[in-house]
Amino acid sequence: MDYSQQGKILGMSKIPSAEDQLEFLTKIQRLFNESDFSSTYKYALLISLADLVIELGKDDDSELELTNRQIAERFIELYWQQSSPYKTSKAIDSGVLYQNHGTQAAIIRAIQAFRDENSFNSPNAAKHSKEYKKLVTAVAGTVAKQPINYLQNVGGGALPFLYERNTSSITLKIGVAYCLRRFQPLVQQLARSRWTDYIKKNAKNMPILGEKDDLNSFLFETSRKTLALVCKELKVLYGCKCFYCNKATTELEVDHFIPFSLYPRDLMHNFVLACPSCNRSKSDSLAARIHLDKWTKSVKKNDEAVKQIGEVIGIATNLETSLSIAQWSYGTASGGHANGWVKTGQYGGLKK
Ligand SMILES: [Zn+2]
């Protein structure tokens with residue numbers, strides 16, 4: 001019996017069968033191992049797809065259309081920090097890291113040119129400007145011509161298992177959005193670690209990289225300086241107390257409510273203040289349901305203020321996106337019977 005019949009009989013929304021999911025993973029693995037990665041674009045495309053399905057997809061096997069512009073906006077976010085110079089004291093040179101083996105990647109050059117001509121501190125701050133829309137158009141063109149065009153060429157042949165290409169969009173095939181949502185952390189981690197390796201192995205980057213070992217955080221994380229600003233602003237908004245234990249203290253740290261290891265993209269609504277002890281203890285765990293309820297209420301109530309902080313500091317903000325990421329994280333985790341972090345040494349349910 002194929003899974004569509006199974007779904008119909010059970011009267012539930014259809015989901016891919018276990019075999020289909022395994023086949024998907026096998027193909028993803030082939031893609032990473034047998035594809036020709038002549039630049040980092042394919043990693044960026046995989047990360048973008050895995051992000052977009054969390055925000056826009058559903059927990060069934062339906063197809064999902066994503067426009068080239070939606071994908072291009074994710075590319076700009078991913079490459080924004082990477083288009084600025086990587087500086088380290090021990091290196092011979094300081095410069096923008098090479099993202100391919102020929103001349104610098106076109107998308108990096110386009111973002112650099114945009115940043116040279118405009119004074120926006122982030123894609124989020126730039127998003128309403130006419131110039132930014134032009135940048136999206138240019139990046140969408142490159143994305144369509146290159147990674148979208150070539151991603152499904154694997155091991156010298158075609159393996160078109162992810163999407164169909166349309167004029168200005170792609171359509172994720174039946175079951176693909178479901179599998180990408182289900183295996184999002186795995187796809188993200190693979191793509192990020194291969195991307196970091198690619199940059200390290202590119203001989204042209206040797207003089208820039210030096211011996212410092214913070215490449216991964218430079219490529220994918222919000223800088224400490226920016227996080228310090230977030231901390232300062234959240235203290236003004238929420239007062240100096242820990243989100244989790246309510247302890248009043250000025251020694252607060254910024255915590256990713258949905259752990260960064262689970263969803264590695266910084267969104268302003270996902271930041272809370274935690275005392276060092278709660279922060280250390282929670283670590284990469286998902287917080288228990290009581291904390292989720294508190295967080296949901298808090299971000300809805302403070303939406304405007306949080307949005308403003310994000311715009312000033314330059315961190316992406318979108319309440320709906322943050323809520324759907326939370327829903328996805330808790331849905332995935334409670335399916336796997338995981339426990340949530342309540343407080344130091346105590347774990348509890350994730351379900352309602
Ligand atoms: Zn605490």
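The rules behind the values
Residues numbered from 1 in each chain as written. Predicted model: local features only at pLDDT ≥ 70, side-chain atom pairs only at ≥ 80, totals over all residues. Heavy atoms only, no water. Pairing = 2+ DSSP bridges. Helix = DSSP H or I, 4+ residues; strand = E, 2+ residues; numbered from the N terminus. Axes fitted to C-alpha atoms, helices over the stretch in contact; angles between N-to-C directions. Core = buried A, V, L, I, M, F, W, Y, C linked by side-chain atoms within 4.5 Å. Buried < 20%, exposed > 50% of the residue type's maximum accessible area, 1.4 Å probe, protein only. Contact = heavy atoms within 4.5 Å.

Just give me the short version of the sheet that holds strand β4 (residues 163–165), but keep the residues and values in it.
Read across the sheet, three strands follow the order β1-β5-β4 without closing on themselves; strand pairing throughout is antiparallel. Pairing within the sheet leaves two strands with one partner each, and these edge strands are β1 (64–67) and β4. Direction aside, the axes of adjacent strands within the sheet are offset by 25° on average. In this structure, β1 lies alongside strand β5 (residues 169–172), joined through four bridges in antiparallel fashion. Across the sheet, L64 pairs through a bridge with L172, a residue of β5.

Got a sec to walk through the nonpolar core? Specific residues and values, please.
Formed by 65 residues in total, the largest nonpolar core has its most connected members in I71, F75, L172 and W195. Among the elements that take part in this core, helix α3 (residues 41–56) stands out by supplying ten residues, more than any other. Among all residues touching F75, those that are not within four sequence positions of it are Y41, A44, L45, S48, I107, V139, V143 and P147. Judged by nonpolar contacts, the second largest core, of 39 residues, contains I258, L273, V299 and A333.

Pulling in residues and values, what's your account of unusual backbone geometry?
Of note in this structure, N246 is not a glycine but carries a positive phi near 65°. The topology assignment puts N246 in the loop between α13 (224–238) and β6 (253–256). Judged by its relative accessible area of 45%, N246 is partly exposed. Even without a glycine there, the phi angle at S283 is positive, about 50°. Residue position: S283 is located in the loop between α14 (276–282) and α15 (289–301).

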